[in-house]
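# Structural description and commentary
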Amino acid sequence: MSFSSTWLDLREPVDHLARDPELLARARRLISDLPDARIVDLGSGTGSTVRALDLPDAHWTLVDHDETLLAEARRRSGSRTSTVQLDLREVSAIPLAGAQLVTASALFDLVSGDWIDALVERMTAAGIGIYAALTYDGTMKWNPADKADAAVRAAFNRHQQTDKGLGPALGPQAADYLASGLRQSRFDVSTAPSPWIFDAGHEALYAEMVRGIATAAREAGCTDAEAWLERRLDALPELNAQVGHLDILALPPA
Ligand SMILES: C[S@@+](CC[C@H](N)C(=O)[O-])C[C@H]1O[C@@H](n2cnc3c(N)ncnc32)[C@H](O)[C@@H]1O
């Protein structure tokens, strides 16, 4: 599945506001305390997580299959950042050697349960922690409410569970699945909500997002999606909405 840097740039300021500040601060402290720390960011895009964590001394390896996004990431990052073009389907090829932390943002809802099992197995064997931010949790809140909100959300969530290139995606179940797999492997797991909160000033992202939701809902068979989209765009001046995500920080067993 491909993502444009225009879309990633549009979402980044809202993503940064949404990330749970406590888990972000704990992930930063973990790395700040380590000399020559190495972090591997999965599905890095242009490096949003590098900018969110803002760790000037850390060595980053950014992994993505999209060379255009990786080139942009290199342009925006310092000399301590390297990139690896890789299809993440190959979990065994993810370069984890020497890393203390795996990070990802807005990635885990795209992956399958088998993919998470394979990644957790590798992280357990290597004793590496993970900071996974902004996994969509299936919830949406709209104000004013619309008669088609529930039908559109249900169809969108079904669409989120189709194959996005990494096996049948877990979509809204992904964060719970990841947290529970990590707990079973005796990681110390913390979770926190990180919703996108839309109010005045976020109109551009909101408009792109509702278009994307409507397209996916229509593809998943929702016949109300087009009319819902028109009403949601008409309601833009009264903008007040939330889309739920979950952040996870998990430290390996001592
Ligand atoms: C929603 S974007 C998030 C990007 C970035 N983490 C951020 O928060 O801005 C998902 C990212 O995963 C990457 N991706 C999706 N499927 C992939 C795959 N099979 N292998 C490698 N990267 C993949 C995309 O290219 C994209 O950069």
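Right, let's walk through the structure included here. (Residues numbered from 1 in each chain as written. Predicted model: local features only at pLDDT ≥ 70, side-chain atom pairs only at ≥ 80, totals over all residues. Heavy atoms only, no water.)

### What about the overall build of the protein chain?
When helices and strands are tallied, the protein chain shows nine helices and eight strands. Referenced to the eigenvectors of the C-alpha coordinate spread, the extents of the protein chain come out at roughly 55 × 35 × 30 Å. Within the protein chain, the fraction of its 254 residues that count as buried is 52%. When contacts within the protein chain are restricted to residue pairs at least 6 apart in sequence, those whose partners lie at least 24 apart make up 74%. By element, 51% of the accessible surface of the protein chain is carried by carbon and sulfur atoms, the whole surface being about 11,400 Å². Taking the average location of the 24 positive side-chain charges in the protein chain and that of its 36 negative ones, the two points are 1 Å from each other. (Helix = DSSP H or I, 4+ residues; strand = E, 2+ residues; numbered from the N terminus. Buried < 20%, exposed > 50% of the residue type's maximum accessible area, 1.4 Å probe, protein only. Contact = heavy atoms within 4.5 Å. Areas by Shrake-Rupley, 256 points an atom, 1.4 Å probe, with all protein chains shown as cover. Lys, Arg positive; Asp, Glu negative; His and termini not counted. Charge placed at Lys NZ, Arg CZ, Asp CG, Glu CD.)

### Some remarks on the nonpolar core
Among the nonpolar cores identified, the biggest contains 50 residues, and Tyr-131, Trp-142, Trp-196, Phe-198, Met-209 and Trp-228 are the most heavily contacted of them. In terms of residue count, helix 8 (residues 203-219) provides more of this core than any other element does, eight residues in total. In terms of nonpolar packing, the next biggest core, distinct from the first, is built from 35 residues, Leu-96, Trp-115, Ile-128 and Ile-248 among them. (Core = buried A, V, L, I, M, F, W, Y, C linked by side-chain atoms within 4.5 Å.)

### Quick word on the pattern of salt bridges
By the definition in use, this model includes 11 salt bridges. In this structure, Asp-87 engages Arg-89 in a salt bridge whose closest nitrogen and oxygen atoms are separated by 2.8 Å. What you see here is one network of salt bridges that share partners, running through Asp-9, Glu-72, Arg-75 and Arg-76. (Salt bridge = Lys/Arg side-chain N within 4 Å of Asp/Glu carboxyl O.)

Note that every value here comes from positions in space, so none of it alone points to a role or purpose.
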